[in-house]
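# Breakdown of the fold
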Amino acid sequence: MSALRRAVPPGVTRRRLARELGLALLPALLSLGLLVVVTRPAYDALIQTGGGWKPHAYQGLAQDVLQYQVARLNPQERPARRTLLRDIALSSAQNPQQFVLLAEIERQGEARLGVVERALRLDTDASVAQAVAESLALNSAAAEYSRELGLRSAQALSDLRRTLGVAALLSGLVSVLLILRALLLWRGERLRVERREARQREALSLASHELRRPLQSLMLASDLLRQAQTPEERQHLLAMIEDSAGQLASRADLTRLNDLYLDVTLRPQRRDLRELTDRFASARVQVLNPPEPVVWAVDPGRVRQMLENLIENALKYTDSHVEVTLDVHAGAPRIRVRDFGAGMGPDERARVFLPYERGPRGLTAGQGLGLPLVRRYARAHGGDISMTQAAGGGLLLTLTFGQPAPASEVSAPSS
């Protein structure tokens with residue numbers, strides 16, 4: 001059944017696989033992106049700032065400078081004690097490495113650590129007072145900055161908590177959507193597989209239906225050939241066998257089942273339709289052809305199958321003869337097949353062109369595939385098939401022809 005399958009290029013499969021992998025990673029990538037963006041402020045506040053930073057160094061500087069000022073203003077303080085306190089204060093002012101975030105603190109106001117150092121070096125009452133003022137200002141700025149950092153850290157943590165919740169919600173939502181998408185894709189693929197299998201079964205059923213007649217003819221001719229008495233009889237039976245074998249090869253071509261029975265592809269030839277109808281003349285089949293040729297572009301093999309099915313169907317519904325009439329109507333060929341049976345009601349006539357629907361009063365059993373196939377072939381030829389109640393009783397099936405559609409435009413019509 002390779003003719004019914006559609007090959008998928010390897011590149012398409014690889015692209016589809018890459019797309020599906022990307023979609024599968026989407027929730028993780030989305031969550032990671034949100035976390036990276038929103039945790040940056042918390043990282044700055046908690047990691048880059050030392051995490052839980054306190055302005056102890058600034059407080060210590062202010063205390064050292066104040067102690068030195070108090071000792072300097074106390075006349076009872078020993079000189080050695082004053083010198084020690086001055087050295088301690090000056091040592092703190094000369095060690096900027098201990099003042100974390102000094103540049104940030106100094107940007108908060110006008111106080112500078114360098115001013116404290118220079119003032120202590122001058123070692124006058126006015127310079128020491130200035131050093132005290134500068135150190136207190138630095139301590140105040142550090143305390144304010146510490147408070148701001150605490151608020152920023154709290155806000156960053158709050159944002160982080162909300163973002164984690166949003167990321168979890170979005171990740172869950174995207175995951176649900178991807179699961180739904182996967183289910184829909186699985187369902188769509190299952191439906192495609194079911195449709196493809198149904199088409200394969202339909203093609204095989206139609207092929208089996210259409211192989212039955214040439215097989216029966218081949219078996220009959222083979223059996224009669226054993227009893228043939230004259231060369232003429234043997235030659236006739238051999239011709240029947242050759243024709244049946246050709247029909248079997250044409251109708252059972254596994255590489256063309258789709259073109260033969262589903263999306264019908266015709267091989268039109270200009271033929272005199274009288275040659276195609278004459279071959280069905282028999283004791284029970286009366287063929288009425290016009291005297292003039294009826295030349296039309298048709299696929300001879302498909303027209304033969306249509307006539308086989310129409311005549312076989314007519315013979316099922318009557319124990320009398322069947323009339324096959326070829327004429328030209330409205331500038332196009334028309335073939336009418338009439339039986340003289342009991343006929344059908346309007347509802348039954350509407351259903352007989354559906355696959356596996358059969359008339360209820362057939363004299364012999366059937367599969368219900370012949371007339372749907374006739375309609376498919378007729379529409380591929382640009383025409384159609386209809387069934388009406390014949391005047392005087394029986395059924396009249398009318399096969400019309402138009403211009404065969406190009407092979408690329410012919411598809412199996414819905415019944």
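Before any of the text, the structure's been laid out above.
Presented here is a report on the structure given in the accompanying data block. (Residues numbered from 1 in each chain as written. Predicted model: local features only at pLDDT ≥ 70, side-chain atom pairs only at ≥ 80, totals over all residues. Heavy atoms only, no water.)

## Digging into the overall build of the protein chain
Broken down by element type, the protein chain carries twelve helices and seven strands. Buried positions account for 39% of the 415 residues belonging to the protein chain. The long-range share in the protein chain, meaning contacts at least 24 apart out of those at least 6 apart in sequence, stands at 68%. Within the structure as shown, the protein chain displays about 23,300 Å² of accessible surface, and the carbon and sulfur contribution to it stands at 57%. (Helix = DSSP H or I, 4+ residues; strand = E, 2+ residues; numbered from the N terminus. Buried < 20%, exposed > 50% of the residue type's maximum accessible area, 1.4 Å probe, protein only. Contact = heavy atoms within 4.5 Å. Areas by Shrake-Rupley, 256 points an atom, 1.4 Å probe, with all protein chains shown as cover.)

## A word on the packing of helix α2 (residues 56-73) against helix α3 (residues 79-93)
It is the contact of α2 with α3, at a shortest axis distance of 9 Å, that shows an interaxial angle of 155°. In terms of axis orientation, α2 runs roughly antiparallel to α3. Like other packed secondary-structure pairs, α2 and α3 cross with a definite hand, here left-handed. Taken together, the residues of α3 that come into contact with α2 (itself represented by Leu61, Asp64, Val65, Gln67, Tyr68, Ala71 and Arg72) are Arg82, Leu85, Arg86, Ile88, Ala89, Ser92 and Ala93. Looking at side-chain class alone, the contact of α2 with α3 contains eight nonpolar, two polar and four charged residues. (Axes fitted to C-alpha atoms, helices over the stretch in contact; angles between N-to-C directions. Parallel < 35°, antiparallel > 145°, perpendicular 65-115°, else oblique. Left-handed = near helix turned anticlockwise from the far one by under 90°. Nonpolar A, V, L, I, M, F, W, Y, C, P; charged D, E, K, R; others polar.)

## Here's the deal with the layout of surface pockets
The volume enclosed by the largest pocket comes to roughly 850 Å³. Surrounding the largest pocket, 26 residues form its lining, Arg213, Ser217, Arg279, Phe280 and Glu308 being those nearest its centre. At the level of elements, α6 (125-225), α7 (231-251) and α10 (300-316) are the ones that each hand at least two residues to the lining of the largest pocket. The residue makeup of the lining of the largest pocket, split by class, is nine nonpolar, seven polar and ten charged. (1 Å grid on protein atoms, 1.4 Å probe; cavity = no way out; pocket = protein on both sides within 12 Å on 5 of 7 lines; lining within 4 Å. Points joined across faces, edges and corners; volume = space filled by probe spheres on them.)

## Brief notes about the packing of aromatic side chains
A full pass over the atoms with the stated rule returns one aromatic pair. It is Arg375 that lies over the ring of Phe353; its NZ or CZ is 4.1 Å from the centre. (Phe/Tyr/Trp six-rings, centres within 6.5 Å; stacked < 30°, edge-to-face > 60°. Lys NZ or Arg CZ within 6 Å of the ring centre and 35° of its normal.)

## Some details on the side chain of His381
Considering the arrangement of structural elements, one finds His381 in the loop between α12 (370-380) and β6 (384-389). At a separation of 3.1 Å, a polar atom in the side chain of His381 contacts the main-chain amide nitrogen of Asp299. When sequence neighbours within four positions are dropped, the list of residues in contact with His381 reads Leu266, Ala297, Val298, Asp299, Arg302, Val303, Met306, Phe401, Gly402, Gln403 and Pro404. (Polar contact = N/O pair within 3.5 Å; in protein donor to acceptor, adjacent residues only side chain to side chain.)

## Brief notes about the nonpolar core
In terms of nonpolar packing, the biggest core is built from 43 residues, with Leu273, Met306, Leu310, Ile335, Met387, Leu399 and Phe401 touching the most fellow members. The next biggest cluster of nonpolar side chains, apart from the first, holds 25 residues, and it includes Val65, Ala89, Leu90 and Ala111. (Core = buried A, V, L, I, M, F, W, Y, C linked by side-chain atoms within 4.5 Å.)

## Side note on α10
The α-helix advances 3.6 residues per turn, and as a result positions three or four apart in sequence lie on the same side. With 17 residues, α10 should reach 24 Å at 1.5 Å per residue; the first-to-last C-alpha distance of 24 Å fits that figure. Of all 17 residues in α10, 16 are buried, a share of seventy percent or more. (Expected span 1.5 Å × (residues − 1).)

## What about the pattern of salt bridges?
Two side chains carrying opposite charge are able to pair once their charged atoms lie near each other. This model, assessed by the stated rule, comprises 19 salt bridges. Salt-bridge contacts for Arg379 lead to Asp384; the nearest nitrogen and oxygen are separated by 3.5 Å. Take Asp384: its relative accessible area is 27%, and that puts it in the partly exposed class. Through salt bridges with shared partners, a single ionic network connects Arg72, Arg86, Asp87, Asp123 and Asp125. (Salt bridge = Lys/Arg side-chain N within 4 Å of Asp/Glu carboxyl O.)

## A closer look at the sheet that holds strand β7 (residues 395-400)
Pairing is mixed across the open sheet formed by five strands, whose spatial order is β2-β4-β5-β7-β6. The sheet is open, and its two edges are formed by β2 (285-288) and β6, each paired on a single side. Ignoring which end each strand starts from, the neighbouring axes of this sheet average 20° apart. Relative to β7, β6 runs antiparallel, the two being bridged by six bridges. When the bridges of β7 are listed, Gln389 appears paired with Leu395. Sitting on the sheet, α12 touches β6 and β7, and the angle it makes with β6 is about 130°. (Pairing = 2+ DSSP bridges.)

Function cannot be read off these values alone, since they describe shape.
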